Amino acid sequence: MEITSVYHRPESEFAYLYDEKTMHIRLRTQKGDMRGARLHYGDTGIFYLKGYEHCVPMQKILTDKYYDYFESKVKVSHHRIQYIFELEDQAGLKLLYGDRGVVPNQKEQLNHFMNGFKLPYCHEVDRCKEPTWVKKTIWYQIFVDRFANGNPNRSPKKVCNWDPQRTPGHWDFYGGDLEGVIEHLDYLQDLGINGLYFCPIFESPSNHKYDTVDYYRIDPHFGDGKIFKHLVEEAHKCGMKVMLDAVFNHIGIASKYWQDVIQKGENSLYKDWFHIYSYPVWQDYDHMEKRFEQLNYDTFGYEPRMPKWNTADPEVKHYLLDIASYWIENYDIDAWRMDVSDEIDHQFWRAFRQKVTAIKPDFYTVGEVWHNAQAWLNGDEYHAVMNYNLAESIKQYFLTGEIDTAELIHQVIVQQMKYRRQVTEAMLNLLDSHDTPRILTLAKGNKDFVKAALTFLFLQAGSPCLYYGTEVGLEGGEDPDNRRAMAWKLDQVDSEMKDFVKQLIHLRRTCLPQIFGDFHLTEEANGILALEVGVDGQRLLARFNQTGQVLFLPQVGETLLSQKREGEYIGYGGFEVSFIKAPI
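Scoring rules and cut-offs
Residues numbered from 1 in each chain as written. Predicted model: local features only at pLDDT ≥ 70, side-chain atom pairs only at ≥ 80, totals over all residues. Heavy atoms only, no water. Phe/Tyr/Trp six-rings, centres within 6.5 Å; stacked < 30°, edge-to-face > 60°. Helix = DSSP H or I, 4+ residues; strand = E, 2+ residues; numbered from the N terminus. Buried < 20%, exposed > 50% of the residue type's maximum accessible area, 1.4 Å probe, protein only. Lys NZ or Arg CZ within 6 Å of the ring centre and 35° of its normal. Pairing = 2+ DSSP bridges. Axes fitted to C-alpha atoms, helices over the stretch in contact; angles between N-to-C directions. Contact = heavy atoms within 4.5 Å. UniProt positions renumbered as here; feature names shortened; annotations may be inferred. Parallel < 35°, antiparallel > 145°, perpendicular 65-115°, else oblique. Nonpolar A, V, L, I, M, F, W, Y, C, P; charged D, E, K, R; others polar.

Looking at an unreviewed UniProt entry, one finds the protein named Alpha amylase, catalytic domain protein and attributed to Aerococcus christensenii.

Chemist: Just checking my understanding: could you explain the packing of aromatic side chains for this structure?
Modeler: Pairs of aromatic rings are described using the distance from one ring centre to the other and the angle between the two planes. Here the structure, examined in full by the defined rule, presents 59 aromatic pairs. Aromatic pair Phe248 and Phe352: ring centres 6.2 Å apart, planes at 70 degrees, arrangement edge-to-face. With Phe248 in the loop between strand E15 (241–246) and helix H7 (256–264) and Phe352 in helix H10 (residues 346–359), this residue pair connects regions lying 104 residues apart in the sequence. Each member of the pair, Phe248 as well as Phe352, carries the same accessibility label: buried. A centroid spacing of 6.2 Å and a plane angle of 90 degrees characterise the contact between Trp282 and Tyr285, whose relative ring orientation is edge-to-face. Judged by its relative accessible area of 8%, Trp282 falls in the buried class. Stacked on the ring of Tyr67, the Lys or Arg Arg28 has its end atom at 3.9 Å from the ring centre. Between the NZ or CZ atom of Arg438 and the centre of the ring of Tyr468, over which it lies, the distance is 4.7 Å.

Chemist: What is the right way to look at the sheet that holds strand E5 (residues 59–63) in this model?
Modeler: Sheet strands pair via backbone hydrogen bonds, and the direction of the pair is either parallel or antiparallel. The strand order across the open sheet built from four strands is E1-E2-E6-E5, with neighbouring strands paired in antiparallel fashion. Strand pairing shows two members of the sheet lacking a second neighbour, strand E1 (15–17) and E5, which therefore form its edges. When the angles between neighbouring strand axes are averaged without regard to direction, this sheet yields 25 degrees. Summarising the sheet, E1 and strand E2 (residues 22–30) pair through three bridges and their orientation is antiparallel. The residue of E2 that forms the bridge with Leu17 is Met23. Across the sheet, helix H12 (residues 405–417) touches E2, E5 and strand E6 (67–75), and the angle it forms with E5 is around 125 degrees.

Chemist: Sorry, what's going on with the UniProt feature "domain: Glycosyl hydrolase family 13 catalytic" (unreviewed entry) in the protein here?
Modeler: UniProt records the feature "domain: Glycosyl hydrolase family 13 catalytic" (unreviewed entry) at residues 141–508, using the numbering of this structure. The span residues 141–508 shows a helical share of 36% and a strand share of 12%, and its end C-alpha atoms are spaced 18 Å apart.

Chemist: I would appreciate a short explanation of the environment of Phe519 in the present structure.
Modeler: Within the secondary structure, Phe519 sits in strand E23 (residues 518–523). Through-space distance from the C-alpha of Phe519 to that of Leu540 is 10.0 Å; in sequence the pair is 21 residues apart. Residues contacting Phe519, with those up to four places away along its chain left out, are Ile61, Leu62, Val412, Gln416, Gln460, Leu531, Glu532 and Val533.

Chemist: How should the packing of helix H11 (residues 388–399) against H12 be read in this particular structure?
Modeler: Helix-helix packing: each pair is described by the crossing angle between the helix axes and the interaxial distance. At their nearest, the axes of H11 and H12 sit 10 Å apart, and the two run at 170 degrees to each other. One finds that H11 runs roughly antiparallel with respect to H12. Note on element contacts: H12 touches H11 through Thr405, Leu408, Gln411, Val412 and Gln415, opposite Asn389, Leu390, Ser393, Ile394, Gln396, Tyr397 and Phe398. Each residue belonging to the contact of H11 with H12 can be placed in one class, and the counts come to six nonpolar, six polar and no charged.

Structure (structure tokens):
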């Protein structure tokens, strides 16, 4: 038995309340090392009198390259639990594993109070709670300046021709606005979208609006408060949630607060609102190459036009939390996506979570974190993050071929085991965004690969998100090329791709219970990637062929969606999603 690989940690993603009475308990062991594992558990108070009340076999739920993961779902009737694992390796050796490590499998060790893991009281207030509507939501990310121009009178003085084939410049404007979004709500509803995720819409001199001037004012080129309120009302009538982008890590240099610092230096009332090391603050924008050595205040990514807020300052904290509240109370938004959220202190996000959920208990918060986000996903900060880790794995497998099937399976399982199940169910799952190349460009125009990648994404637990234009075949490389104008004319739209995306969204909505059920990911003998999800015998089987060959693949169950299927064979880049009524 490889004891060094055995791992468990209470009050983490390895032991947590999933709902009010159900606890998920997980165990990690070396791959293939264990014949099985059993969980002894019971009420801590009763243990003194009777020992453990229950003993159940644990289910091996997932296996990555190095480890097996076991899980038991147990009821915690009196909010207390004590437990210990009984391990049996392939040679038949049995040991106990608990709070004091691995001990002999003996009755006196089993009944020793100090050996068991303990959760003295499972508080409902500490449980990770996710808005129930999120798992039903399919988001559509809108970069407003590039989506649709509904009122040319609002456009900046100089706008570019609305050409989806043109690569935009960093400072180009196209004239998209909120009225353009309202005009196309029926288009989005017909597509199957029920969540709108907006890039920043507050006053700013740029086209991207990440350099905010005034958080309380809609940028006049986009509209005004009245128009935005109407948009939210109309979206809600269509069954769509609305998520705004909270740029609370930094502000634009045109803000009155930063301008006061420039003008008054150390005498500014707002000098403590930022991280400033000396005065006057650096402003040599004509010699940007000097900023790495000369910049004397903290910024977003060494961008001197975006000075960083000091969110630990009480006045800044009050100011930003008031903004977060304002758009919920006055405009009834449903979610905040938090920009560069991993660069803001944890204390701020805890206060933020309390503030917004006190106003709207089912409010949704999504952090922008491109790496392991465990530190923020414990139930007191964000509900979820943009799932860039999952996106990268899917793209490297389906679009660029950088990893093989075994590596994809490993990466996806590792990511799943990082978080509590309810957190995984609330993740914002995406493939591309305003910060990444578009997936069709990454795939070098191979639509079959794009469709396979989207299908795999939409069958994952979480909340899928489409970047505007993906459904019509919009292309684009790195920023700013990934922010092209939306294609609306019939001769610019890939109708086949659009129809496919509609089918995929319909499949997701129809099969939601299965998608959020048990999860299995395996490589079949012929190299096929097989994903099986389901609950109560009602299951989906999705099989993907990224082997580079045409493969024999007999049909199973009822085919719901397929690509490159010819009789009993499936082509390279093909897939098939089937409905089956059989256990995994």
